[in-house]
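# Examining the three-dimensional arrangement
Take a look at the letters that make up each chain.
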Amino acid sequence: MDSKEFREFGKAAIDLIADYMDNIRERDVLPSVEPGYLLKMLPENAPEQPEEWKDLIQDFNHAIMPGITHWSSPRFHAYFPAGHSYESIVGNILSDGLGVIGFSWISSPACTELEVVSMNWLGKLLGLPEEFLNCSDGPGGGVIQCTASDSTHLTLLVARDKTIRRLLAADPAQSEGELAARLVAYTSDQCNSSVEKAGLLGNMKMRLLKADSNGRLRGETVKQAFDEDIAQGLIPCYVVANLGTTGICAFDPLYEIGPVCNEANVWLHVDAAYAGAAFICPEYRHLMKGVEYVDSFDFNPHKWLLVNFDCSAMWVKRGYDLVNAFNVQRIYLTDTDTNVKVPDYRHWQMPLGRRFRALKLWTVMRLYGAEGLRKYIRNHISLALHFANLVRSDDRFLVEPEPSMGLVCFRLRDGDSTTKLLLDNLTAKKKLYMVAATYQSRFIIRFVVCSRLTTKEDIEYSWNKIKEEADLLRPNKIRIPAINPIQVHSCEKLK
Ligand SMILES: Cc1ncc(COP(=O)(O)O)c(C=O)c1O
């Protein structure tokens, strides 16, 4: 392909995406294909001869598009948002256009330095303590990881390395292998699956401690677990606190867990994958009270900050902890003499190669501006409250627990099996997509405001679909009419 064809192909692809987004509401949010559909449609072997890009676009529309779940649709309310914006897409195109792999400073100086700058900007927007920022006097700094899962896995390995070094320094006669086998990690039973998986991958026992009735892991629970394990000769090593659990978006109190971890020399990592984005709004920062006790902090701009997957922002207080754990030298990698201020990011992550992800983060921060980003977060939270009020206006439903960020959990008063049936029926119709969670042992439906396109009308569309389905489930019971939207809780911030 020459540059002329590239221009045509690229423009056609941009047009296709812009049309897709403009008309996304016309599509069912879930696809109507059966497992294996694409395997049957596509040839078994790659073509021997080059093909035309126009044919490829045709096949994209004909074969790929029918198998897409529309994460960017305002009818998508499952999981958490998948970051998406035109600004980010273009940032990504620029990155792909350069095609650099920035594992060390010399492998592309701008790749490293833009990441340092962008992570400082973002850390300041969140109100993180200075210690986490590369621009402070200390050894802290930020790095873009692929996913929150990677950050958890990585910091668990760093915690292990640091703990073993400390114990060996105190008593060099100990066996490293024997020490490693006694290390224990902790988190709450509300953690994301990726946290438990980090224990499996890092070969460290991971205890899922019982959260309180509001889904929060308490400091006292952590302390008790440490004491029990120490009494058995085990070594507490690593804790993951959750700011915004996946199920109900609960916030663990860092101000309780932090002092317990610091006192016991245990690494404290924060998984704020979804909700961390809200800290760009000062009114939500009380939810990270105690963050000064934390060793590492991660959230996903690729969830709720308009950056396309993948972009997970992680900060550490001491960059040298990562370098100590992961520094493997080769003659072909010793071409610069960098330091923590200009990190060799290959020591801060698992793979050697790294994309120029800072470009899309930088693009989004510049083209939205901090005010634009805050407006986006506040709008989603307002829309979630609007949805919660619509649900509350119908006596058949309960909102439980209280809405948190862009997430509203609800259920039918009738009970778990009817609530599950409602969700199954809605999913089968493919117009909306939500997933379930449990709260205080009850089956609940999670409704998340996900799309950046979502308006008040979209929320009302989704609510009407839910109501209609509930009507079908309970044909013999009197339906409580929904209140007039004018009476609904104030939504001044709605667009
Ligand atoms: C609280 C929490 N942590 C971690 C993750 C995993 O994120 P990632 O896919 O970036 O690894 C999720 C995903 O939804 C999450 O909700």
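Structure first, text after, so check above.
Now for a description of the structure that goes with this document. Keep in mind the model is a prediction, meaning the values are calculated, not measured.

What the rule picks out here adds up to 28 salt bridges. When the shortest N-O distance is used, the salt bridge between Arg-25 and Asp-458 registers 2.8 Å. Of the two residues, Arg-25 is situated in the loop between helix H1 (3–22) and helix H2 (37–41) and Asp-458 in helix H15 (residues 456–473); the sequence distance between them amounts to 433 residues. Taking relative accessible area as the criterion, Arg-25 reaches 34% and is therefore assigned partly exposed. Here Asp-458 falls in the buried class, since its relative accessible area comes to 4%. The closest approach of N and O atoms between Lys-420 and Asp-424, which form a salt bridge, is 3.0 Å. Of this pair, Lys-420 and Asp-424 are both found in helix H14 (residues 416–429), 4 residues apart, which corresponds to roughly one turn of the helix. Note on Asp-424: relative accessible area 36%, which makes it partly exposed. One salt-bridge network, in which partners are shared between bridges, spans Lys-162, Asp-295, Arg-318 and Asp-321.

With 5 of 5 residues buried, strand S7 (residues 312–316) is to be regarded as a mostly interior element. Relative to S7, strand S1 (residues 141–145) runs antiparallel, the two sharing 5 bridges. By the bridge assignment, Gly-141 is partnered in S7 with Val-316.

Okay, the sheet that holds S1 next. With respect to topology, 7 strands assemble into an open sheet ordered S1-S7-S6-S5-S4-S2-S3, the strand pairing being mixed. Sheet topology places S1 and strand S3 (205–209) at the edges, where each strand pairs with a single neighbour. Shown here is a sheet whose adjacent strand axes are inclined to one another by a mean of 20 degrees, direction ignored. Pairing of strand S5 (residues 267–271) with strand S6 (residues 296–299), which is carried by 3 bridges, proceeds in the parallel orientation. Across the sheet, the residue bridging to Val-270 is Phe-297, located in S6. Packed on one face of the sheet, helix H9 (residues 219–231) meets strand S2 (183–188), S3 and strand S4 (235–242) and runs near 140 degrees to S3.

Surveying the vicinity of the ligand reveals 13 residues, the closest of which are Ala-148, Ser-149, Thr-246, Asp-271 and Asn-300. Ser-149 is positioned with one of its side-chain polar atoms (N or O) 2.4 Å from an oxygen atom of the ligand. Relative to its unbound accessible surface of 400 Å², the ligand loses 86% to contact with the protein. Elements that contribute at least two residues to the shell around the ligand include exactly helix H6 (148–170) and helix H11 (301–304). Considering only residue class, the shell around the ligand consists of 3 nonpolar, 8 polar and 2 charged.

Turning to its location among the elements, Ser-73 is positioned in the loop between helix H3 (53–64) and helix H4 (86–98). The class for Ser-73 is buried, based on a relative accessible area of 0%. Separated by 2.9 Å, the side chain of Ser-73 and the backbone nitrogen of Arg-75 make a polar contact.

What counts, and at which threshold
Residues numbered from 1 in each chain as written. Predicted model: local features only at pLDDT ≥ 70, side-chain atom pairs only at ≥ 80, totals over all residues. Heavy atoms only, no water. Salt bridge = Lys/Arg side-chain N within 4 Å of Asp/Glu carboxyl O. Helix = DSSP H or I, 4+ residues; strand = E, 2+ residues; numbered from the N terminus. Buried < 20%, exposed > 50% of the residue type's maximum accessible area, 1.4 Å probe, protein only. Pairing = 2+ DSSP bridges. Axes fitted to C-alpha atoms, helices over the stretch in contact; angles between N-to-C directions. Contact = heavy atoms within 4.5 Å. Near = heavy atom within 4 Å. Polar contact = N/O pair within 3.5 Å; in protein donor to acceptor, adjacent residues only side chain to side chain. Areas by Shrake-Rupley, 256 points an atom, 1.4 Å probe, with all protein chains shown as cover. Nonpolar A, V, L, I, M, F, W, Y, C, P; charged D, E, K, R; others polar.

Keep in mind these values describe shape, not function.
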